[in-house]
Amino acid sequence: MKKLLFILSLFLIVSCGNSEEKISEDPADLNSLNGDYELLEMDGEDISSEGFILNFNGSEQRLSGKTGCNNFVTAYKIEDSIVKFNPPLGTKMYCEGQMEYEEIFNEVIPEIRNVKISDKDLIFLSEENQELLNLQKKENSE
């Protein structure tokens with residue numbers, strides 16, 4: 001009986017140890033991303049209430065979405081383990097009180113060079129590894 005409890009305890013410990021979230025720092029893994037992500041933080045500031053939704057299409061190396069007011073699209077490429085985004089192209093509507101973060105977002109996107117990818121989170125970093133964008137995959141997304 002003690003052996004059986006020991007084996008079950010060992011199995012439980014090993015099973016729990018394998019449930020850790022995998023994290024990748026390889027920009028090439030962006031090519032496998034698909035689905036919607038909510039932008040939670042930008043340049044260290046909580047902007048989760050602003051309603052930024054970003055959609056990745058990894059096979060086409062395209063990022064599109066809504067920045068609270070306007071829609072945008074941009075392409076990215078991966079060379080020598082570095083990711084580079086083109087400046088986003090977007091609609092030009094004016095929305096009272098919603099433009100401040102949109103302008104910052106448009107400036108931050110081309111500064112991205114590195115990435116950390118996990119099952120639920122996506123963090124984009126500058127060349128100096130400063131956290132620029134922190135995203136979380138939306139539930140019910142691809």
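Rules used throughout
- Residues numbered from 1 in each chain as written.
- Predicted model: local features only at pLDDT ≥ 70, side-chain atom pairs only at ≥ 80, totals over all residues.
- Heavy atoms only, no water.
- Helix = DSSP H or I, 4+ residues; strand = E, 2+ residues; numbered from the N terminus.
- Buried < 20%, exposed > 50% of the residue type's maximum accessible area, 1.4 Å probe, protein only.
- Contact = heavy atoms within 4.5 Å.
- Polar contact = N/O pair within 3.5 Å; in protein donor to acceptor, adjacent residues only side chain to side chain.
- Disulfide = S-S within 2.5 Å.
- Core = buried A, V, L, I, M, F, W, Y, C linked by side-chain atoms within 4.5 Å.
- Salt bridge = Lys/Arg side-chain N within 4 Å of Asp/Glu carboxyl O.
- Patch = residues over 30% accessible without salt bridge, like charges linked within 9 Å, V, L, I, M, F, W, Y side chains within 5 Å.
- Areas by Shrake-Rupley, 256 points an atom, 1.4 Å probe, with all protein chains shown as cover.
- Lys, Arg positive; Asp, Glu negative; His and termini not counted.
- Charge placed at Lys NZ, Arg CZ, Asp CG, Glu CD.
- Phe/Tyr/Trp six-rings, centres within 6.5 Å; stacked < 30°, edge-to-face > 60°.

**Quick notes on the environment of Thr74**
Checked against the element boundaries, Thr74 lands in strand β5 (residues 71–79). A relative accessible area of 5% means that Thr74 is categorised as buried. Separated by 15 residues in the primary sequence, Thr74 and Leu89 place their C-alpha atoms 6.3 Å from one another. Not counting the four nearest positions on each side in its chain, Thr74 is found in contact with Gln61, Arg62, Leu63, Phe85, Asn86, Pro87, Pro88 and Ile109. Side-chain polar atoms of Thr74 contact the backbone oxygen of Asn86, separated by 2.5 Å.

**Focus on the state of the cysteines**
Enumeration according to the criterion identifies one disulfide in this entry. Each sulfur in the disulfide pair Cys69 and Cys95 lies 1.8 Å from the other. Note on the Cys69 and Cys95 pair: the S-S dihedral is about 70 degrees, so by sign convention the disulfide is right-handed. In this pair, Cys69 sits in the loop between β4 (62–67) and β5 while Cys95 sits in the loop between β7 (89–90) and α2 (99–108), placing the two residues 26 residues apart along the sequence.

**Quick word on the nonpolar core**
Counting residues in hydrophobic clusters, the biggest one holds 26 residues, and the most contacted among them are Leu30, Phe56, Phe105, Leu122, Phe124 and Leu133. For this core, the secondary-structure elements that each account for two or more residues are β1 (34–42), β3 (52–57), β5, β6 (82–85), α2, β8 (114–117), β9 (121–125) and β10 (131–137). If near-sequence neighbours (up to four positions away) are discounted, Phe105 is found in contact with Leu39, Met42, Phe52, Leu54, Thr67, Phe72 and Leu133.

**What to know about the pattern of salt bridges**
By the definition in use, this model includes one salt bridge. Of the charged contacts in the structure, one is a salt bridge between Glu60 and Arg62, with a shortest N-O distance of 2.4 Å. We classify Glu60 as partly exposed; its relative accessible area is 48%. Relative accessible area serves as the criterion here: at 30%, Arg62 is assigned to the partly exposed category.

**Quick notes on a negative patch on the surface**
On the surface, Asp43, Glu45, Asp46, Glu100, Glu103, Glu107, Glu111, Glu127 and Glu128 cluster together into a negatively charged patch. Listed by contribution, the elements that provide at least two residues to the negative patch are β2 (45–46) and α2. The element best represented in the negative patch is α2, accounting for three residues. Structurally, the position occupied by Glu45 is in strand β2. Exposure remark for Glu45: the relative accessible area of 38% places this residue in the partly exposed category.

**A few points about the packing of aromatic side chains**
Counted according to the given criterion, the structure contains six aromatic pairs. Ring geometry for Tyr37 and Phe56: centres 5.5 Å apart, planes at 85 degrees, overall edge-to-face. With Tyr37 in strand β1 and Phe56 in strand β3, this residue pair connects regions lying 19 residues apart in the sequence. The burial state of Tyr37 is the same as that of Phe56; both residues are buried.

**Topic: α2**
Within α2, the full set of buried residues consists of Met99, Tyr101, Glu102, Phe105 and Val108. Structurally, α2 contributes buried residues whose contacts are with β1, β2, β3, β4, β5 and β10.

**Quick notes on the side chain of Glu102**
Positionally, Glu102 belongs in helix α2. Apart from the residues lying within four places of it in its own chain, the contact partners of Glu102 are Phe52, Thr67, Cys69 and Asn70.

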